[in-house]
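Descriptive structure summary
Here's the letter readout for the chains.
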Amino acid sequence: MGTMLRLRHNKDLFVLTYGALVAQLCKDYEKDEDVNKYLDKMGYGIGTRLVEDFLARSCVRRCHSYSEITDIIAQVAFKMYLGITPSVTCNNSSRTEFSLILDKNPLVEFVEELPAGRSSLCYCNLLCGIIRGALEMVHLAADVTFLQDRLKGDRVTEIGITFLRKLDEKKYRRKK
Amino acid sequence: MADEALFLLLHNEMVSGVYKSAEQGEVVSAAKALEENGRCITKLENMGFRVGQGLIERFTKDTARFKDELDIMKFICKDFWTTVFKKQIDNLRTNHQGIYVLQDNKFRLLTQMSAGKQYLEHASKYLAFTCGLIRGGLSNLGIKSIVTAEVSSMPAYPDTGLHPKTPRSQPELKPRVRCSTNCATQVLR
């Protein structure tokens, strides 16, 4: 019981720290887009390093398609770091655009609503940056943005991943 | 634990982010640079304060009432520190007059940095958040304090001095002292 409590509290540390960070950024930057950009950039920095940690902990096999990669992000990475498993949908026939649908989002556990005057704030934009940075470290360029956000009144929270360059099997290397 | 990696990376990004934003302006003199550094440390400390308040609320929801100040400090050293940093404080000393020194011989936020004296001066940036964390936690438990931290050598032998505010003057508290081998950070408020 003690260990379980501790595990839960550990996520609290990250979630609360993230909240304090966003609050500080809202003080520093007037425009929502500046805060969003900052969070994305920060996430990118984290993602480029997190991917090493991820590859060291998981035993992911070599991927042969974008949809495999997206599945791994949703089912392995999200589960490992945030304890949730978003569902994956593919949005186009050429299978380069995907969505992660987050039913639960631990990052917003303590957030009731966006602060006044901050309606375009993408509170979880760090996540987009993390995914983008991590993918880039394995030589994949992608656009990652929030398509829907529960905090903004949408029904679900949806992260869109658009892979930009065609995956060449021979050229694809997993970062060591 | 995977959670820890995420927090460590976030913390590091926060520290570099705060200092990068400060660098945007022209740094004209050493005095100005010192001022900027102080401002960054305060920012980080304040964020830690917020988090510490929130954390202690969640941790102590179901715990019994604390008997006294020492009891609270022991809680910080054992349960709180373990939950946040996966280990207990290695050494707790007190003069029973309001000063507590917590010693962590392998401080998690610094273990990833290289050993060596040349990084000592930067260590204070990575301690500010934790100082705030402790101060915030104590604050929500009803203790007003000043928390400073010291690193005697990397990777990590920080001493955290806790000084609940008392009307008596504390001769050990020397604001703004910087030694060459020790990095002492006075939290500026």
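- Going by the annotation in an unreviewed UniProt entry, the name recorded for chain A is Trafficking protein particle complex subunit, with Zalophus californianus given as the source organism.
- Checking UniProt for chain A, the heading Function (unreviewed entry) contains the comment "May play a role in vesicular transport from endoplasmic reticulum to Golgi."
- Check the Sequence similarities (unreviewed entry) section of the UniProt entry for chain A; it says "Belongs to the TRAPP small subunits family. BET3 subfamily."

**Remarks on the overall build of chain B**
- Of regular secondary structure, chain B possesses four helices and five strands.
- In sequence order, the secondary structure elements of chain B are arranged as α-α-α-β-β-α-β-β-β.
- Expressed as a percentage of the 189 residues in chain B, the buried residues total 51%.
- When contacts within chain B are restricted to residue pairs at least 6 apart in sequence, those whose partners lie at least 24 apart make up 64%.

**Quick look at the overall build of chain A**
- From N to C terminus, chain A includes four helices and four strands.
- Listing the helices and strands of chain A from first to last along the sequence gives α-α-α-β-β-α-β-β.
- When burial is assessed residue by residue, chain A has 53% of its 176 residues classed as buried.
- Considering only intrachain contacts with a sequence separation of at least 6, the fraction spanning at least 24 residues in chain A is 61%.
- Only carbon and sulfur atoms are counted for the fraction: they give 50% of the accessible area of chain A, which is about 9300 Å².

**Things to note about the packing of helix 2 (residues 30–59) of chain B against helix 3 (residues 69–85) of chain B**
Residues and elements named next belong to chain B.
- Contact geometry of helix 2 with helix 3 gives a least axis separation of 12 Å together with a crossing angle of 105°. On the basis of their axis angle, the class for helix 2 and helix 3 is roughly perpendicular. Touching Leu55, Ile56 and Phe59 of helix 2 are Phe75, Ile76, Phe80, Thr83 and Val84, all from helix 3.
- Its residues assigned to classes, the contact of helix 2 with helix 3 shows seven nonpolar, one polar and no charged.

**Structural notes on the interface of chain A and chain B**
- The interface of chain A with chain B comprises 33 residues on the first partner and 26 residues on the second.
- Taking both partners together, chain A and chain B bury about 2800 Å²; carbon and sulfur atoms supply 70% of that area.
- If you look at where chain A meets chain B, you find four salt bridges.
- Between Glu109(A) and Arg58(B) there is a salt bridge, and its shortest N-O distance comes to 3.7 Å.
- For the interface between chain A and chain B, the tally reads four residue pairs in polar contact (both at pLDDT 80 or more).
- For the side of chain A that touches chain B, the secondary-structure elements that each account for two or more residues are helix 1 (2–28), helix 2 (32–57), helix 3 (66–82) and helix 4 (125–137) of chain A.
- A total of 17 residues in the side of chain A that touches chain B trace back to one element, the largest contributor, which is helix 1 of chain A.
- Counted by class, the side of chain A that touches chain B contains 19 nonpolar, five polar and nine charged residues.

**Points about helix 3 of chain B**
Residue and element names in this part refer to chain B.
- In the structure, helix 3 departs most strongly from a straight axis at Ile76, where the bend amounts to approximately 35°.
- At the N-terminal boundary of helix 3, the capping side chain belongs to Asp68, with an oxygen 3.3 Å from the backbone nitrogen of Leu70.
- The positive-phi residue at the C-terminal boundary of helix 3 is Lys86, with phi of around 65°.

**Comments concerning the nonpolar core**
- Judged by nonpolar contacts, the single largest core of 103 residues is most densely connected at Phe78(A) and Ile159(A).
- Excluding its chain neighbours within four sequence positions, the residues that come into contact with Ile159(A) are Phe78(A), Phe98(A), Ser99(A), Leu100(A), Leu102(A), Leu127(A), Cys128(A), Ile131(A), Val144(A), Thr145(A) and Phe146(A).

**Some thoughts on the pattern of salt bridges**
- Across all of its chains, the model carries 15 salt bridges over all chains by this definition.
- For Arg150(A), the salt bridge is made with Asp103(A), and the minimal N-O distance between the two is 3.5 Å. Residue Arg150(A) is found in the loop between strand 3 (142–148) and strand 4 (157–163), and its partner Asp103(A) is found in the loop between strand 2 (97–102) and helix 4; the two are separated by 47 residues along the sequence.
- Measuring nitrogen to oxygen at the nearest pair gives 2.8 Å for the salt bridge that ties Arg135(B) to Glu45(B). Of the two residues, Arg135(B) sits in helix 4 (residues 120–140) while Glu45(B) sits in helix 2, which places them 90 residues apart along the sequence. Each member of the pair Arg135(B) and Glu45(B) is classed as buried.

**Let's talk about the confidence of the model for chain B**
Residue and element names in this part refer to chain B.
- For chain B, per-residue confidence averages 74 on the pLDDT scale, and residues scoring 70 or more make up 71% of the total.
- Summarising per-element confidence for chain B, the mean pLDDT is lowest in strand 5 (residues 183–185) (25) and highest in helix 2 (90).
- Contacts for the low-pLDDT stretch residues 163–189, under 50 throughout, to residues beyond four places or in other chains number 59 contacts.
- This complex was scored by the predictor with a pTM of 0.83 and an ipTM of 0.87.

**Notes on unusual backbone geometry**
All names here are of chain A.
- In this structure, Arg95 is a non-glycine residue whose phi angle is positive, near 55°.
- Position of Arg95 relative to the elements: it lies in the loop between strand 1 (87–90) and strand 2.
- We note that His139 has phi near 65°; this positive angle belongs to a residue other than glycine.
- Note on placement: His139 falls in the loop between helix 4 and strand 3.
- Of the residues examined, His139 reaches a relative accessible area of 59% and is grouped as exposed.

Parameters at a glance
Residues numbered from 1 in each chain as written. Chains lettered and ligands numbered in written order. Predicted model: local features only at pLDDT ≥ 70, side-chain atom pairs only at ≥ 80, totals over all residues. Heavy atoms only, no water. UniProt positions renumbered as here; feature names shortened; annotations may be inferred. Helix = DSSP H or I, 4+ residues; strand = E, 2+ residues; numbered from the N terminus. Buried < 20%, exposed > 50% of the residue type's maximum accessible area, 1.4 Å probe, protein only. Contact = heavy atoms within 4.5 Å. Areas by Shrake-Rupley, 256 points an atom, 1.4 Å probe, with all protein chains shown as cover. Axes fitted to C-alpha atoms, helices over the stretch in contact; angles between N-to-C directions. Parallel < 35°, antiparallel > 145°, perpendicular 65-115°, else oblique. Nonpolar A, V, L, I, M, F, W, Y, C, P; charged D, E, K, R; others polar. Buried area = accessible area lost by both parts, 1.4 Å probe. Salt bridge = Lys/Arg side-chain N within 4 Å of Asp/Glu carboxyl O. Polar contact = N/O pair within 3.5 Å; in protein donor to acceptor, adjacent residues only side chain to side chain. Bend = angle between axes of the 7 residues up to and from the residue. Core = buried A, V, L, I, M, F, W, Y, C linked by side-chain atoms within 4.5 Å. pLDDT = per-residue confidence, 0-100.

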